[in-house]
Amino acid sequence: MNPDDFKSNDQIAWCPGCGDFGILNAVKKALAVLEKSPKDILLVSGIGQAAKLPHYIKANCFNGLHGRALPVAAAAKIVNPDLTVIVTTGDGDCYGEGGNHFIHNIRRNADITVIVHNNQIYGLTKGQASPTTDSGYATKVQPEGVILEPIHPLEMAIAAGCGFVARGFSADSENLAGLIVEAVKYRGFSLIDVLQPCVTFNKKNTYSWYKERIYKITDETGYDPQDKIAAYRKAAEWGQRIPVGIIYRAVQPSYGEKKGLDGQPALVEADIEHIDIGGALKDFI
Amino acid sequence: MIDELTIRISGQAGQGMQTIGLVLGQVFKQSGYHLFANQDYMSRVRGGNNFFQLRVSNNPVFSLREKPDMIIALDKESVALHKPALNENGTLILDKKQFELTRDDAGFFNVPFYELAINSGGNDIFINTVACGVISGITQIDFMHLERVIKSAFQDKKEEVIFQNTLAAKAGYDFARSNFKNERFTLSPSVNSGNRLLLNGNDAIALGALKAGCKFYTAYPMSPSTTIMDTIAHYSKAFNVVVEQAEDEIAAINMAIGASFAGARSMTASSGGGFALMVEGLSLAGMTETPVVVACVGRPAPATGFPTRTEQADLDFLISAGHGEFARVVYAPGTIEEAFYLTQKAFNLAEKYQIPVLIMSDQHLADSYRDVAPFDLDKVKIQRFILPKEDSKNVNNYKRYQLTKFGVSPRAVPSWIDDVIYADSDEHNEEGHITEDAQMRINMVEKRFFKKMFNLSQEIESPSIYNLADADLILVGFGSTYGVIKEMCELSGPVKTGFVHFSQLWPFPALQTTQLLAGKKNIFTVENNAAGQLARLIWRESGIKVNGSILRFDGRPFNLDYLRGQVKEKAG
């Protein structure tokens with residue numbers, strides 16, 4: 001298959017030069033590599049610029065509420081495991097509005113992939129600070145600069161027990177596509193935090209700012225993504241050098257495995273027209 | 001001999017009042033009596049004062065009485081606290097030695113529970129079983145029934161446990177038979193087979209959901225809705241249902257919507273506070289046209305309110321919850337049977353119209369047990385409104401929101417159809433992509449609101465009615481007040497009373513209401529809330545102004561005596 005097999009007819013509504021385009025291309029490339037048929041893919045999103053992405057791909061799409069993509073995605077996967085479920089979300093959607101779902105869906109560990117378009121700013125609401133905006137950055141709402149410390153999603157994910165934690169860069173869609181392929185293949189909750197310039201509202205974390213700092217973990221010899229302590233250190237690296245690639249990886253049972261659903265017919269296939277509750281009613285006699 | 005008896009079992013949280021009550025309930029039911037039982041409990045796990053009340057009768061019973069004929073006090077505090085509630089000629093059963101009481105009030109029946117438990121079972125944990133024996137003895141139930149219930153209650157335990165409990169029960173039974181020297185609580189011989197079901201409103205909702213093919217149930221625990229989840233979880237393996245405890249109610253409704261979008265029937269439940277958190281999700285279900293069933297089991301609010309008590313104050317909230325305008329159905333079952341059948345209907349209707357269907361219950365219906373005839377399992381047939389898998393192949397140009405005459409678009413399951421499905425919370429075109437087009441907006445509002453509401457109004461549950469032609473006073477209620485209103489109307493005096501009871505609140509049966517109530521005098525709503533929300537709804541939807549409302553908002557359910565007192569006042 002090739003990326004064009006996943007082209008949708010919908011008109012793209014992003015700003016020219018938006019980092020989202022790189023992510024869109026990477027998702028299409030990855031799906032082509034994975035040889036998934038559009039009908040077997042479900043893209044789930046909330047609200048924000050990232051959340052529009054599913055419309056621009058030929059695949060099933062559920063574009064729900066702000067912050068609430070994860071519960072929709074997890075449940076869809078649980079009842080219909082034939083679907084490859086991918087969430088496209090943003091730093092505000094996933095780490096702000098949906099923070100509670102982020103923590104608990106890592107624990108739930110349904111077999112879904114979460115791609116966070118992390119541009120460190122709010123785009124759709126026009127330039128307010130996001131949970132990942134660097135401290136000190138001035139916005140219309142925070143004219144003196146942000147005084148809240150940014151959250152650290154990768155460290156949080158490792159701490160919460162996520163078994164696949166990666167970081168990508170939207171301008172390197174080849175590498176990002178590779179990460180998406182690995183994340184989708186991983187059985188369980190996989191997270192890719194994607195650094196992505198916002199050409200309109202983020203004047204600090206620009207393409208050139210990132211390019212000066214980003215390096216591939218795989219270019220360093222000796223890094224073992226299965227070493228949790230090393231992964232914490234790597235996840236915390238920020239400032240002069242910013243790593244991209246698979247930061248942490250651990251094999252652990254997914255929701256479906258623990259719940260005994262794997263290998264069973266999907267719940268959506270269940271014959272519900274001939275359910276006999278007579279046996280249960282006997283318990284009440 | 002008597003035909004009816006009210007028994008109250010009182011003590012601290014954790015002393016097992018409900019266990020005693022339910023064992024006795026089974027004993028009376030299996031002996032062929034009718035019963036209605038309810039617990040009055042505090043929001044705590046230990047201590048405080050809770051009680052379980054059973055009304056046993058040779059006639060069908062649908063509500064509680066104000067005053068018990070018999071009280072079992074399991075702790076000293078219960079004696080002083082509940083003695084004033086006792087009926088004239090009532091008996092308060094207590095262990096005077098344990099409570100260090102020396103006085104001998106009229107109406108006391110001293111039972112050395114502690115000694116009997118130690119001597120029979122060898123441990124004071126058998127006090128509750130002794131108590132069951134005492135009540136069975138006083139009412140002169142055949143001991144065989146108690147023996148059978150004990151056997152079934154402890155069927156998973158060792159033979160020895162059954163044996164010890166049976167001995168303890170017999171000790172209590174024999175003590176009562178030899179020491180309770182009169183027959184004023186001896187029940188007249190029973191007339192039923194005993195083969196009836198004994199369950200509460202939440203059990204009925206859970207069983208209805210299982211029967212209706214709910215495959216995914218998710219909720220965050222909140223009293224008094226939690227036992228729906230408990231019951232479904234208990235049967236989850238047997239019926240192949242995934243029960244997932246959500247991190248919060250927002251997650252719960254969004255998970256229910258996700259599962260439904262992916263093709264499984266799904267449900268969630270909460271009480272008012274948790275339901276408030278679900279409201280944005282409810283609107284999402286409306287906009288994305290995703291079926292979902294939500295039970296809201298009410299308790300007194302605002303905010304945390306009375307977590308374990310009852311109220312019907314969320315009527316206005318449920319019929320209007322959610323931003324924007326979309327179609328919905330709100331059922332308000334009045335009985336355990338209606339809870340079972342309407343839950344099944346809720347799943348069918350949610351799927352047929354691709355809408356949220358709400359079930360408005362409350363703590364009184366949720367926690368009240370009644371004996372009911374075995375359910376008719378063929379009464380509500382499962383109706384499917386999705387594109388079957390075998391018809392999903394080779395579907396091209398699928399439009400999730402295709403404009404149709406009926407307002408409902410064909411719904412396909414992702415991965416079953418060869419095409420892809422776009423669903424959106426933004427305003428969307430027929431394909432499901434985001435649009436800002438004014439005409440498309442009008443088309444979509446017509447589709448998901450006007451057309452659906454019109455068609456839904458063609459299949460409204462009719463209100464139950466009684467004695468309207470003849471009545472000097474008409475009581476109007478909804479939901480859990482059905483039983484008490486019905487019994488009130490069947491009493492002779494103080495006035496000839498009829499009733500109208502709504503089990504569906506939205507779409508409101510306006511036309512039928514007008515037909516039933518126009519021109520009638522003396523109409524009073526009976527509501528467990530402070531504002532008279534039903535009265536206002538009737539006025540708003542049918543133009544009929546009732547004469548007044550009988551309201552109770554102290555967190556306690558109506559009982560027959562309380563309502564009779566109120567009716568007397570209104571009639572006078």
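Nothing here was measured: the structure is a model prediction, and the numbers come from that model.

Caption draft 1: Main features of the overall build of chain A. Secondary structure summary: chain A contains ten helices and eight strands in total. By the compact-globule yardstick of 19 Å for 285 residues, chain A fits well, its C-alpha radius of gyration being 20 Å. Projected onto its principal axes, the C-alpha positions of chain A cover 70 × 45 × 40 Å. The long-range share in chain A, meaning contacts at least 24 apart out of those at least 6 apart in sequence, stands at 71%. A distance of 3 Å separates the average location of the 29 positive side-chain charges in chain A from that of its 32 negative side-chain charges.

Caption draft 2: Inspection of the overall build of chain B at higher detail. Assigned secondary structure in chain B consists of 21 helices and 21 strands. Relative to the globule expectation of 25 Å for 572 residues, the C-alpha radius of gyration of chain B, 26 Å, shows essentially globular dimensions. For chain B, the spread of C-alpha atoms along the three principal axes comes to 85 × 60 × 40 Å. A total of 572 residues make up chain B; the buried ones form 64% of that total.

Caption draft 3: Region of the structure containing helix H5 (residues 127-138) of chain B. All names here are of chain B. For H5, which comprises twelve residues, the first-to-last C-alpha distance of 16 Å matches the rise-based estimate of 16 Å (1.5 Å per residue) to within 8%. With eleven of twelve residues buried, H5 lies mostly within the body of the structure. Of all the residues in H5, the buried ones are Ile 127, Thr 129, Val 130, Ala 131, Cys 132, Gly 133, Val 134, Ile 135, Ser 136, Gly 137 and Ile 138. At the C-terminal side of H5, Gln 140 shows a positive phi close to 60°.

Caption draft 4: Region of the structure containing the side chain of Ser 188 of chain B. Residues and elements named next belong to chain B. Within the secondary structure layout, Ser 188 lies in the loop between helix H7 (159-179) and strand S7 (197-200). Of the residues examined, Ser 188 reaches a relative accessible area of 12% and is grouped as buried. Of note is the side chain of Ser 188, whose polar atom sits 2.7 Å from the side chain of Asp 3. For Ser 188, the contacting residues outside a window of four places in its chain are Met 1, Ile 2, Asp 3, Tyr 33 and Asn 58.

Caption draft 5: Seen up close, the pairing of strand S4 (residues 70-73) of chain B. Residue and element names in this part refer to chain B. Here S4 shows no split at all, with Met 70 and Ile 72 on one side and Ile 71 and Ala 73 on the other all buried. Sheet analysis places strand S1 (residues 4-13) next to S4, joined by four bridges and oriented parallel. Bridging from a neighbouring strand, Ile 9 pairs with Ile 72 of S4. Strand direction decides the pairing type here: S4 and strand S5 (residues 91-94), joined by three bridges, are parallel.

Caption draft 6: The arrangement of the packing of aromatic side chains in detail. Under the defined criterion, the tally for this structure stands at 24 aromatic pairs over all chains. Here Phe 275 of chain B and Phe 317 of chain B contribute two aromatic rings whose centre-to-centre distance is 5.4 Å and whose plane-to-plane angle is 80°, an arrangement assigned as edge-to-face. With a gap of 42 residues between them, Phe 275 of chain B in helix H12 (residues 272-288) and Phe 317 of chain B in helix H13 (residues 315-320) connect regions that are remote in the sequence. Of the residues examined, Phe 275 of chain B reaches a relative accessible area of 1% and is grouped as buried. Through a chain of ring-to-ring contacts, three or more aromatic side chains come together here, namely Phe 169, Trp 209, Tyr 210 and Trp 238 of chain A.

Caption draft 7: Looking closely at the nonpolar core. Core analysis: the biggest nonpolar cluster contains 163 residues, and Leu 191 of chain A together with Tyr 217, Phe 275, Leu 505 and Leu 534 of chain B have the highest contact counts within it. Those residues in contact with Leu 534 of chain B, other than ones at most four positions away along the chain, are Leu 315, Val 476, Gly 477, Phe 478, Phe 502, Leu 505, Phe 508, Thr 525 and Glu 527 of chain B. Listed in part, the 48 residues of the second largest apolar core include Leu 24, Tyr 33, Ala 117 and Phe 185 of chain B.

Caption draft 8: Inspection of the side chain of Arg 68 of chain A at higher detail. Note that Arg 68 of chain A resides in the loop between strand S2 (60-63) and helix H2 (69-79). With residues near it in sequence (within four places) discarded, Arg 68 of chain A still touches Glu 97, Gly 98 and His 101 of chain A together with Ile 250, Asn 254 and Glu 280 of chain B.

Caption draft 9: Broad picture of the sheet that holds strand S18 (residues 497-502) of chain B. All names here are of chain B. Strand order in this open sheet of five strands is S16-S18-S17-S20-S21, and the pairing throughout is mixed. Two strands close off the open sheet at either side, each with one partner strand: strand S16 (464-466) and strand S21 (548-551). With strand direction ignored, the average angle separating the axes of adjacent strands in the sheet is 20°. Bridging between S16 and S18 involves three bridges; their strand directions are antiparallel. Residue Ser 464 lies in a different strand from S18, and its bridge partner there is His 501. Here helix H21 (residues 560-571) sits on the sheet and contacts strand S17 (473-478), strand S20 (523-527) and S21; the angle it forms with S21, its principal contact strand, is near 155°.

Caption draft 10: Local environment of the domain arrangement of chain B. Residue and element names in this part refer to chain B. Domain annotation for chain B reports domain 1 (4-194), domain 2 (198-372), domain 3 (386-459) and domain 4 (464-571). With centres defined by C-alpha atoms, the gap from domain 2 to domain 3 works out at 25 Å. Residue-level contacts link 22 residues of domain 2 with 27 residues of domain 3. Across the interface of domain 2 and domain 3, roughly 2,100 Å² is buried in total on both sides, 58% from carbon and sulfur atoms. Sorting the residues of domain 2 by area buried against domain 3 places Met 287, Glu 289 and Tyr 353 first, and these three jointly supply 33% of that buried surface. One salt bridge in this structure joins Glu 289 and Lys 452, with 2.8 Å as the shortest N-O distance.

Caption draft 11: Inspection of the sheet that holds S4 of chain B at higher detail. Residue and element names in this part refer to chain B. Spatial ordering of the open sheet is given by S6-S5-S4-S1-S3-S2-S14-S7, a layout of eight strands whose pairing is mixed. A strand with exactly one partner marks an edge of an open sheet, and here the two such strands are strand S6 (108-110) and S7. Across the sheet, the axes of successive neighbouring strands diverge by a mean angle of 20°, strand direction being ignored. Bridge count for strand S2 (residues 34-40) against strand S3 (residues 47-57) is seven bridges, and the pairing is antiparallel. Each bridged residue has a counterpart across the sheet, and for Ala 37 the counterpart in S3 is Leu 54.

Caption draft 12: The interface of chain A and chain B, seen in detail. Counting from both sides, the interface comprises 52 residues of chain A and, opposite them, 68 residues of chain B. Both faces combined, the contact of chain A with chain B buries some 4,900 Å², and carbon together with sulfur accounts for 63% of it. For the salt bridge of Lys 389 of chain B with Glu 269 of chain A, the shortest nitrogen-to-oxygen distance reads 2.7 Å. Linking chain A with chain B are 25 residue pairs in polar contact (both at pLDDT 80 or more). Ranked by residues supplied to the side of chain A that touches chain B, first place goes to H2 of chain A with six residues. Broken down by class, the residue content of the side of chain A that touches chain B amounts to 28 nonpolar, eleven polar and 13 charged. Where S2 of chain A lies against strand S15 (residues 422-424) of chain B, three bridges are found, and the strand directions are parallel.

Caption draft 13: Broad picture of the packing of helix H18 (residues 482-490) of chain B against H21 of chain B. All names here are of chain B. Axis separation between H18 and H21 bottoms out at 9 Å; the angle between their running directions is 60°. Here H21 runs oblique to H18, going by the angle between their axes. Crossing geometry of H18 relative to H21 is assigned as right-handed. Every residue of H21 that contacts H18 at Val 484, Ile 485, Glu 487 and Met 488 is listed here: Leu 560, Leu 563, Arg 564 and Val 567. Considering only residue class, the contact of H18 with H21 consists of six nonpolar, no polar and two charged.

Rules used in this analysis
- Residues numbered from 1 in each chain as written.
- Chains lettered and ligands numbered in written order.
- Predicted model: local features only at pLDDT ≥ 70, side-chain atom pairs only at ≥ 80, totals over all residues.
- Heavy atoms only, no water.
- Helix = DSSP H or I, 4+ residues; strand = E, 2+ residues; numbered from the N terminus.
- Rg over C-alpha atoms; globule rule 2.2 N^0.38 Å.
- Contact = heavy atoms within 4.5 Å.
- Lys, Arg positive; Asp, Glu negative; His and termini not counted.
- Charge placed at Lys NZ, Arg CZ, Asp CG, Glu CD.
- Buried < 20%, exposed > 50% of the residue type's maximum accessible area, 1.4 Å probe, protein only.
- Expected span 1.5 Å × (residues − 1).
- Polar contact = N/O pair within 3.5 Å; in protein donor to acceptor, adjacent residues only side chain to side chain.
- Pairing = 2+ DSSP bridges.
- Phe/Tyr/Trp six-rings, centres within 6.5 Å; stacked < 30°, edge-to-face > 60°.
- Core = buried A, V, L, I, M, F, W, Y, C linked by side-chain atoms within 4.5 Å.
- Axes fitted to C-alpha atoms, helices over the stretch in contact; angles between N-to-C directions.
- Domains from an automatic or database assignment.
- Buried area = accessible area lost by both parts, 1.4 Å probe.
- Salt bridge = Lys/Arg side-chain N within 4 Å of Asp/Glu carboxyl O.
- Nonpolar A, V, L, I, M, F, W, Y, C, P; charged D, E, K, R; others polar.
- Parallel < 35°, antiparallel > 145°, perpendicular 65-115°, else oblique.
- Left-handed = near helix turned anticlockwise from the far one by under 90°.

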